[in-house]
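Below, each chain spelled out in residue letters.
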Amino acid sequence: MKLYGYWRSSASYRVRIALALKELEYEYCPVHLLKSGGEQKSSEYVRLNPAKLVPTLELTDPNTGDRLVLNQSLAIIEYLDARFPSHRLIPEDPARAAVVRTLALDMAADLQPIANLRVLQYLTGELGQPDETKVTWITHWVEQAFTAFEARLQHTAGSFCVGDTVSLADVCLIPQVYNAKRFNVDLSAYPRLLTVTEALEALPAFIAAKPENQIDANS
Ligand SMILES: N[C@@H](CCC(=O)N[C@@H](CS)C(=O)NCC(=O)O)C(=O)O
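Definitions and cut-offs
Residues numbered from 1 in each chain as written. Predicted model: local features only at pLDDT ≥ 70, side-chain atom pairs only at ≥ 80, totals over all residues. Heavy atoms only, no water. Helix = DSSP H or I, 4+ residues; strand = E, 2+ residues; numbered from the N terminus. Rg over C-alpha atoms; globule rule 2.2 N^0.38 Å. Buried < 20%, exposed > 50% of the residue type's maximum accessible area, 1.4 Å probe, protein only. Contact = heavy atoms within 4.5 Å. Near = heavy atom within 4 Å. Polar contact = N/O pair within 3.5 Å; in protein donor to acceptor, adjacent residues only side chain to side chain. Areas by Shrake-Rupley, 256 points an atom, 1.4 Å probe, with all protein chains shown as cover. Domains from an automatic or database assignment. Buried area = accessible area lost by both parts, 1.4 Å probe. Salt bridge = Lys/Arg side-chain N within 4 Å of Asp/Glu carboxyl O. UniProt positions renumbered as here; feature names shortened; annotations may be inferred. Core = buried A, V, L, I, M, F, W, Y, C linked by side-chain atoms within 4.5 Å.

This paragraph deals with the overall build of the protein chain. Per the secondary structure count, the protein chain includes nine helices and four strands. Counted from the first residue to the last, the protein chain has its helices and strands arranged as β-α-β-α-β-β-α-α-α-α-α-α-α. Against the compact-globule benchmark of 17 Å for 219 residues, the protein chain has a radius of gyration of 17 Å, which places it among compact chains. Across its three principal axes, the protein chain shows a C-alpha extent of roughly 50 × 45 × 30 Å. The buried share of the protein chain, taken over its 219 residues, is 46%. Taking as baseline every contact in the protein chain between residues at least 6 positions apart, the subset at least 24 positions apart corresponds to 63%.

The following block contains the structure:
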């Protein structure tokens, strides 16, 4: 298996956590999002993902022997969860699965895309906004998303986001906390979220997947 990603990409970070939780071996292929105007836009990478976004997972389908090229972190994680059910990230119970997906989508669908690199580059580039606007923008959307997440956790959390089992919700939360900290967003208004984060950050799979622990860190 090959994972094309970038150390600071939250969508890549999600897939790294899932792979680590399932103890799957893979080759990590860095795609630098800033160098040379962004390697995600190179013709070589666009053949893997026409959306010009990381991550991409490349692997062989065990049933057909065909090469599979998967995009969209949540689609990748759902695939891994179905194929390698050793540590289920999406519970089998439909109601519990819906709760897990709700929290996961709060982070991966509603928050991450509006703080993505190309959105921020458009703000400060084409729209001519100063760098401070970028920080104001990120802080505003993180606060909206984390306020709702904190309220949800009051009903769902145990040691982790949903009860005491690590799920897709946790896999999606941690990369957004990393991003929020990177932009110095004050997280003191979200005590439950911080408690869950602390518990998750101590787990070996989450440590292995950390941006700082990747071969392309600080590149
Ligand atoms: N919904 C996609 C989002 C992927 C995405 O936004 N990737 C970002 C990094 S987290 C990216 O490649 N950004 C490059 C850019 O904005 O040019 C997924 O979950 O895989």
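Taken together, the neighbourhood of the ligand is formed by 15 residues, with Gln40, Val54, Gln72, Ser73 and Arg118 sitting nearest. Take Gln40: an N or O atom from its side chain is 2.8 Å from an oxygen atom of the ligand. One of the side-chain N or O atoms of Gln72 is found 2.6 Å from a nitrogen atom in the ligand. Burial of the ligand by the surrounding chains reaches 91%, relative to a free accessible area of 510 Å².

Take the domain arrangement of the protein chain next. If you check the domain split of the protein chain, you get domain 1 (2-87) and domain 2 (94-205). Taken over C-alpha atoms, the centre of domain 1 sits 21 Å from the centre of domain 2. Contacts between domain 1 and domain 2 engage 18 residues on the former and 19 residues on the latter. Surface buried jointly by domain 1 and domain 2 totals about 1700 Å² across both partners, of which 65% is contributed by carbon and sulfur atoms. Area buried by domain 1 at its contact with domain 2 is led by Arg8, Arg14 and Leu74, which between them contribute 32% of it. Between domain 1 and domain 2 we count one salt bridge in total. Between Glu78 and Arg101 there is a salt bridge, with the nearest N and O atoms lying 3.2 Å from each other.

Sites flagged by UniProt as "domain: GST N-terminal" (unreviewed entry) map to residues 1-88. Secondary structure over residues 1-88 splits into 31% helix and 20% strand, and the C-alpha atoms at its two ends are 20 Å apart.

A few words on the nonpolar core. Grouped together as the largest cluster of nonpolar side chains are 68 residues, with contacts concentrated most on Phe146, Cys161 and Leu168. Examining the composition of this core, we find that nine residues originate from one element, helix α7 (residues 168-182), more than from any other. Counting contributing residues, this core receives three or more from each of domain 1 (2-87) and domain 2 (94-205). The contact partners of Cys161, leaving out residues within four places of it in the chain, are Leu103, Phe149, Leu153, Thr156, Ala169, Asp170, Leu173 and Val196.

Note that Asn116 resides in the loop between α4 (94-111) and α5 (117-124). C-alpha separation for the pair Asn116 and Ser10, spaced 106 residues apart in sequence, amounts to 9.0 Å.

Counted according to the given criterion, the structure contains six salt bridges. Across the salt bridge formed by Glu58 and Arg67, the nearest N and O atoms sit 2.6 Å from each other. A single network of salt bridges, built from pairs that share partners, joins Lys22, Asp81 and Arg88.

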